[in-house]
Amino acid sequence: MDESKIFLSERDMPQAWYNINPDLPAPLQPPIHPGTGQPLGPEDLAPLFPMALIAQEMSMEPWIDIPDDVMEIYRLWRPSPLHRAYALEEHLGTPARIYYKNESVSPAGSHKPNTAVAQAYYNREEGIPRIITETGAGQWGSALSFACCVFGIQCEVYMVRVSYDGKPYRRLLMNAWGAECYPSPSDRTEAGRSILAEDPDSPGSLGIAISEAVEVAAQADDAKYALGSVLNHVLLHQTIVGLEAKKQFEMAGDYPDMIVGNVGGGSNFAGVCFPFVKEKIDGERDIQIIATEPTACPTMTRGIYHYDFGDTAELTPLLKMHTLGHKFIPAPIHAGGLRYHGAAPQMCLLVSQGIVEPRALHQKEVFEAAITWSRTEGHLPAPETAHGIRAAIDEAVKCRETGEEKCILIGYSGHGHFDLAAYDQYLSGNMVDYELPQEKIDAAVADLPEVE
Ligand SMILES: *Cc1c(COP(=O)(O)O)cnc(C)c1O
């Protein structure tokens, strides 16, 4: 096998998503209603999500058919290519074989449309005319704007203030697809107004923006909410990535010994690795799975494995996950998608069981890897994506030292074309590293809800 890109034909695209819930190595602790302290029922989520997505959220079926209308939109960019990174291998002088599954080819430039399209579809099927969401740097907001546009739904996005002001291009992309975008905290919601009363110059956070979007959706009759990560239905929509990759590895006559990627809420990495994880759980294959995150937001490496809220205003259900506390406000690092205080319960369970290995990285070493990548493989990765690239390079260098011929798969979650200001900062020598002080984590423990 010496091709540098492995294309799957549209005909061979997976026809169902994979749901890891029934295959988890230990029982998943259920989401808890913050008011009653009881496990959440479908009716609790009904104000926020269409019933089809609630059913997927709680499903114990391993396979969920992909609807034809979703397949049709997927085919605008799917199947995505699996590349072999020959130029990087040669540059590193490594015996490792490095592959990457390229999700940057979607209209929004990341993996996020894989779930945005599915979510917009199920909302349309249930006659919902409006979807409300939040976005950090704008990746999710733009993906959902695209998906809503395709299915004729109005999209309203609450965007974290620092990004709204500092990164206008993704906001403009949302507008191009017909969505409305507001800076968060805003004066349009109770949650936003109470933050502004305390700090009129609040830079905002994902937790605050979620509070605003949830509040608007819960109060409106004609609107639902959509989340771009963390929840099970989101993770399962993303498994199209790993399922395609599995078929492509079969075509290549190869198989990964190691899968590396980045975790913000955990959806893109779940998408890449969950279809492979079952073989590891069953003891059929010994795959090393490395999930990277920033040292400035070290959720899985240093967070507490405990129930916590998903948002700052304490409106969401409690999820059992690694958390830095729901009041966490991250340092202004450039991997905007990796600054969430928690992560998907399924991913956290696999971390707690030692199946997924978390690793925290400093942003300067991450950008250094991104530059090496762009000067060998050509593509300029998103800062989030570059975390996985850093880990892959480190592992490939270890292979050079030990002579091991490992096969490494990178989850390539998106391109960095909207992140050039961050590259400018790195290239001009003005980037700084952040390490979350332990006091902040200790202080967050005091705010955790009293549910074990
Ligand atoms: C949003 C985003 C991430 C992180 O989110 P996950 O849910 O963890 O996947 C990573 N990479 C890119 C390019 C993103 O847009």
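Residues numbered from 1 in each chain as written. Predicted model: local features only at pLDDT ≥ 70, side-chain atom pairs only at ≥ 80, totals over all residues. Heavy atoms only, no water.

Student: Could you clarify how one ought to interpret the side chain of S106 in this entry?
Tutor: Tracing the backbone shows S106 in the loop between β5 (97-102) and α5 (113-125). On the basis of relative accessibility, which here comes to 6%, the residue S106 falls in the buried class. Side-chain polar atoms of S106 contact the backbone oxygen of S110, separated by 2.6 Å. In contact with S106, not counting residues within four places along its chain, are W77 and P113. (Helix = DSSP H or I, 4+ residues; strand = E, 2+ residues; numbered from the N terminus. Buried < 20%, exposed > 50% of the residue type's maximum accessible area, 1.4 Å probe, protein only. Polar contact = N/O pair within 3.5 Å; in protein donor to acceptor, adjacent residues only side chain to side chain. Contact = heavy atoms within 4.5 Å.)

Student: Please clarify how the sheet that holds strand β8 (residues 180-184) should be interpreted in this entry.
Tutor: Where strands meet in a sheet, backbone hydrogen bonds hold them as pairs that are either parallel or antiparallel. Read from one edge of the open sheet, 4 strands run β8-β7-β6-β9, paired in parallel fashion. The sheet is open, and its two edges are formed by β8 and β9 (223-225), each paired on a single side. Strand-to-strand, the axes of this sheet are offset by a mean angle of 25°, without reference to chain direction. Of the strand pairs in this sheet, strand β6 (residues 130-135) and β9 are connected by 3 bridges, and their pairing is parallel. Considered in β9, the bridge of I131 is made with K224. Seen against the sheet, helix α6 (residues 139-151) touches β6 and β7 (154-160) and runs at an angle of roughly 160° to β6. (Pairing = 2+ DSSP bridges. Axes fitted to C-alpha atoms, helices over the stretch in contact; angles between N-to-C directions.)

Student: Explain unusual backbone geometry to me, please; I cannot follow it from the model alone.
Tutor: Across the chain, the bulk of peptide bonds are trans and the bulk of non-glycine residues have phi less than zero. The step from R78 to P79 runs through a cis peptide bond, and the omega angle for that step is -10°. Checked against the element boundaries, P79 lands in the loop between α3 (68-74) and β4 (82-84). A cis amide bond links S184 with the next residue in sequence, P185, at an omega value of 5°. For P185, the location among the structural elements is in the loop between β8 and α9 (190-198). With phi around 70°, V230 is a residue other than glycine that occupies positive phi space. Summarising the element assignment, V230 is placed in the loop between β9 and α11 (232-252).

Student: Help me understand the packing of helix α15 (residues 363-376) against helix α17 (residues 420-427) in this model?
Tutor: For any two helices packed against each other, one specifies the crossing angle of their axes together with the interaxial distance. Two elements in contact, α15 and α17, have axes whose closest approach is 11 Å; the angle formed by their N-to-C orientations is 105°. With respect to α17, the axis of α15 lies roughly perpendicular. In this structure, α15 uses K364, F367, E368, A370, I371 and R375 to contact α17, whose residues at the interface are A422, Y423, Y426 and L427. Each residue belonging to the contact of α15 with α17 can be placed in one class, and the counts come to 7 nonpolar, no polar and 3 charged. (Parallel < 35°, antiparallel > 145°, perpendicular 65-115°, else oblique. Nonpolar A, V, L, I, M, F, W, Y, C, P; charged D, E, K, R; others polar.)

Student: Whenever I open this one, the packing of helix α12 (residues 267-281) against helix α14 (residues 345-352) confuses me. Can you help?
Tutor: One can describe the packing of α12 onto α14 by two numbers: an axis separation of 12 Å at closest approach and a directional angle of 45°. Viewed along their axes, α12 and α14 adopt a mutual orientation that is oblique. Seen from above, α12 lies across α14 with left-handed handedness. Facing F269, A270, F274, V277 and I281 of α12, the residues of α14 in contact are Q346, M347 and L350. (Left-handed = near helix turned anticlockwise from the far one by under 90°.)

Student: Mind showing me how you'd approach α14 here?
Tutor: An α-helical turn contains 3.6 residues, so any two residues separated by three or four positions project in the same direction. The element α14 is extensively covered by neighbouring structure, given that 7 of its 8 residues are classed as buried. Listing the buried residues of α14 in full gives P345, Q346, M347, C348, L349, L350 and V351. Contact partners of the buried residues in α14: α11, α12, α13 (299-302), β12 (304-309), β13 (318-323) and β14 (357-361). Positive phi appears at G354, one or two residues downstream of α14, with a value of about 75°.

Student: What should I look at first to understand the sheet that holds strand β15 (residues 407-412) in this one?
Tutor: A sheet is described by the order of its strands in space; here 7 strands give the open sequence β1-β4-β5-β15-β10-β11-β14, paired in mixed fashion. In this open sheet, the two strands that pair with only one neighbour each are β1 (5-6) and β14. Bridge count between strand β10 (residues 258-262) and β15: 3 bridges; the pairing is parallel. Bridge pairing in β15 links I259 to L409.

Student: Even after reading the chapter, I still don't get the site of the ligand, so can you show me in this structure?
Tutor: As a matter of local geometry, the ligand sits amid 18 residues, with K112, S229, G264, S267 and N268 nearest to it. In this structure, an oxygen atom belonging to the ligand sits 2.7 Å away from a side-chain N or O atom of S267. In isolation the ligand offers 380 Å² of accessible surface; the protein chains occlude 98% of this area. Class assignment for the residues of the shell around the ligand results in 3 nonpolar, 13 polar and 2 charged. For the shell around the ligand, the domains that each give at least three residues are domain 1 (5-9 + 78-109 + 240-445) and domain 2 (23-66 + 111-232). (Near = heavy atom within 4 Å. Areas by Shrake-Rupley, 256 points an atom, 1.4 Å probe, with all protein chains shown as cover. Domains from an automatic or database assignment.)

Function-wise, these values are silent; they only describe arrangement.
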